[in-house]
Amino acid sequence: MSRGDNIANLVTIALGIFVTYHSYYSLRIGILISPGAGFLPFLCGVALIALGIFWRIHSFLFKTPRHAVCPQDPAVVAGVAETPALPTPRIKLCLAFVTTLAYAWLFERIGFILSTLVFMLGWQMLVERERWLKSIIITALCAAAMYALFSYLLRVELPSNPLVS
């Protein structure tokens with residue numbers, strides 16, 4: 001586990017402990033039949049602790065080998081060693097952020113269905129770099145599943161398409 005992963009893991013566990021402690025002692029948890037305000041934060045804190053512990057155990061069981069550069073390597077001596085690739089995780093993070101902002105901006109303007117279709121297709125094409133057919137299938141299935149979940153199961157009133165109504 002690298003130093004950055006170690007710090008992130010400890011912060012995750014500490015945040016879980018803080019949320020669990022605060023929700024248990026400051027908020028009313030209630031019972032399963034009638035949960036209080038602290039019930040969901042308590043569960044989220046427990047989940048953070050469990051995921052942090054799982055992450056730590058996983059990193060100890062499956063250690064990734066560190067790639068050390070051998071100073072006797074002819075490429076290093078000649079100065080033609082490969083340079084690291086572009087920071088693609090940062091680019092993906094920026095693309096994900098811009099795609100999410102566009103979704104939030106479009107949500108009220110063109111309605112749930114169209115904005116979700118645009119968001120999911122944009123996510124699949126820009127962030128995940130999937131092929132067209134796979135992107136369209138994933139987009140259609142996810143949009144339909146989210147519509148069914150929010151509209152029929154949770155009975156949430158979703159913004160309609162202003163172009164149609």
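Look a little higher up for the structure.
Residues numbered from 1 in each chain as written. Predicted model: local features only at pLDDT ≥ 70, side-chain atom pairs only at ≥ 80, totals over all residues. Heavy atoms only, no water.

Draft legend 1. Region of interest: the overall build of the protein chain. The secondary structure content of the protein chain amounts to 6 helices and 0 strands. Going residue by residue from the N terminus, the α and β elements of the protein chain occur as α-α-α-α-α-α. Put simply, the protein chain has 165 residues, and 20% of those count as buried. Carbon and sulfur atoms provide 72% of the accessible area of the protein chain, an area that totals close to 12800 Å². (Helix = DSSP H or I, 4+ residues; strand = E, 2+ residues; numbered from the N terminus. Buried < 20%, exposed > 50% of the residue type's maximum accessible area, 1.4 Å probe, protein only. Areas by Shrake-Rupley, 256 points an atom, 1.4 Å probe, with all protein chains shown as cover.)

Draft legend 2. Looking closely at the packing of helix α1 (residues 3-25) against helix α2 (residues 39-61). Contact geometry of α1 with α2 gives a least axis separation of 7 Å together with a crossing angle of 155 degrees. Compared by their axis directions, α1 and α2 come out roughly antiparallel. Crossing of α1 against α2: the hand is left-handed. In the contact of α1 with α2, the residues fall into 14 nonpolar, 8 polar and 2 charged. (Axes fitted to C-alpha atoms, helices over the stretch in contact; angles between N-to-C directions. Parallel < 35°, antiparallel > 145°, perpendicular 65-115°, else oblique. Left-handed = near helix turned anticlockwise from the far one by under 90°. Nonpolar A, V, L, I, M, F, W, Y, C, P; charged D, E, K, R; others polar.)

Draft legend 3. Structural context of unusual backbone geometry. Not every positive phi belongs to a glycine, and R129 is a case in point at roughly 55 degrees. Relative to the assigned elements, R129 resides in the loop between α5 (112-127) and α6 (132-153). One non-glycine residue, R155, adopts positive backbone phi at about 55 degrees. Here R155 shows up in the segment after α6. Exposure remark for R155: the relative accessible area of 68% places this residue in the exposed category.

Draft legend 4. Geometry of α5. For α5, which comprises 16 residues, the first-to-last C-alpha distance of 21 Å matches the rise-based estimate of 22 Å (1.5 Å per residue) to within 8%. Every buried residue of α5 is accounted for by F112, S115, T116, F119, M120, G122, Q124, M125 and V127. Close packing links the buried residues of α5 with α4 (88-110) and α6. In the segment just after α5, R129 is the residue with positive phi, at about 55 degrees. (Expected span 1.5 Å × (residues − 1). Contact = heavy atoms within 4.5 Å.)

Draft legend 5. Summary view of the packing of aromatic side chains. Enumeration over the complete set of coordinates arrives at 10 aromatic pairs. Ring centres of Y21 and Y25 lie 4.7 Å apart, and the angle between their planes is 50 degrees; this geometry places the pair in the tilted category. You can see Y21 and its partner Y25 sitting in helix α1, 4 residues apart, about one turn around the helix. Residue classification places Y21 among the exposed positions, given a relative accessible area of 55%. Residue classification places Y25 among the exposed residues on the basis of a relative accessible area of 58%. Ring plane angle 80 degrees and centroid distance 6.4 Å describe the contact between F112 and F150, whose orientation is recorded as edge-to-face. You can see F112 sitting in helix α5 and its partner F150 sitting in helix α6, a full 38 residues away along the chain. Here the aromatic residues Y103, F107, F112, F119, W123, Y147, F150 and Y152 are joined through ring pairs into a cluster of three or more. (Phe/Tyr/Trp six-rings, centres within 6.5 Å; stacked < 30°, edge-to-face > 60°.)

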